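# Structure assessment
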Amino acid sequence: MLAPEIRETLLGRAVIKQMFVISKLGPVCGSQVQEGKIVRGAKVRVRRGNTIAHEGTITSLRRFKDDVREVLTGLECGIGVDIKDTQPGDVLEVYQTEEVARTL
């Protein structure tokens, strides 16, 4: 009867180094993973300084010319996001949400 509790789990952070526009995919962020891992299909939050600029999802993830499922700490990758207003220097926080049943 109780509504489930929604919990966020931070998966990783990446810093945008450069922006690219690809005709089929749209904007792609050339990024370096600072901590954790980046997972395709996860939710992403764009931080500019201490404020949250936008939220969206990761639509594509590439390492060199290969489509990959995840990219680990210290590696560079291309992250396709459904957010138009991203700039070099922004931080991408990748997270996932899960519903946890409440108990009395």
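Reading the values: rules and limits
- Residues numbered from 1 in each chain as written.
- Predicted model: local features only at pLDDT ≥ 70, side-chain atom pairs only at ≥ 80, totals over all residues.
- Heavy atoms only, no water.
- Disulfide = S-S within 2.5 Å.
- Buried < 20%, exposed > 50% of the residue type's maximum accessible area, 1.4 Å probe, protein only.
- Phe/Tyr/Trp six-rings, centres within 6.5 Å; stacked < 30°, edge-to-face > 60°.
- Lys NZ or Arg CZ within 6 Å of the ring centre and 35° of its normal.
- Patch = residues over 30% accessible without salt bridge, like charges linked within 9 Å, V, L, I, M, F, W, Y side chains within 5 Å.
- Areas by Shrake-Rupley, 256 points an atom, 1.4 Å probe, with all protein chains shown as cover.
- Salt bridge = Lys/Arg side-chain N within 4 Å of Asp/Glu carboxyl O.
- Helix = DSSP H or I, 4+ residues; strand = E, 2+ residues; numbered from the N terminus.
- Pairing = 2+ DSSP bridges.

## Digging into the state of the cysteines
- Enumeration over the complete set of coordinates arrives at 0 disulfides.
- Looking at the unpaired Cys29, the closest cysteine sulfur is the one in Cys77, lying at 9.4 Å.
- On the basis of relative accessible area, Cys29 is assigned to the buried category, the value being 0%.
- By relative accessible area, which is 7% here, Cys77 ends up buried.

## Remarks on the packing of aromatic side chains
- Tallied over the full model, the rule gives 0 aromatic pairs.
- In this structure, Arg45 packs its charged tip against the face of Tyr95, placed 4.2 Å from the ring centre.

## Some details on a nonpolar patch on the surface
- On the surface, a cluster of nonpolar side chains totalling about 260 Å² of accessible area is made up of Phe20, Ile22 and Leu25.
- As for its position among the elements, Phe20 is in strand S1 (residues 5-22).

## Focus: the pairing of S1
- Sheet topology places S1 next to strand S8 (residues 91-100); 10 bridges connect them, and they run antiparallel. In the strand pairing of S8, Arg13 is matched with Glu93.
- Both S1 and strand S2 (residues 26-39) contribute to a ladder of 10 bridges, which runs antiparallel. Bridge assignment links Ile22 to a residue of S2, and that residue is Gly26.
- Linkage of S1 to S2, two consecutive antiparallel strands, is achieved through a turn of 3 residues.

## A few points about unusual backbone geometry
- Phi angles above zero are rare outside glycine, and Phe64 is one such case at about 55°.
- Note on placement: Phe64 falls in the loop between strand S4 (51-63) and strand S5 (66-67).
- Since its relative accessible area comes to 72%, Phe64 is described here as exposed.

## A short note on the pairing of S8
- Note that strand S3 (residues 43-48) and S8 share 5 bridges and pair antiparallel. When the sheet's bridge partners are listed, Arg47 is paired in S8 with Val91.

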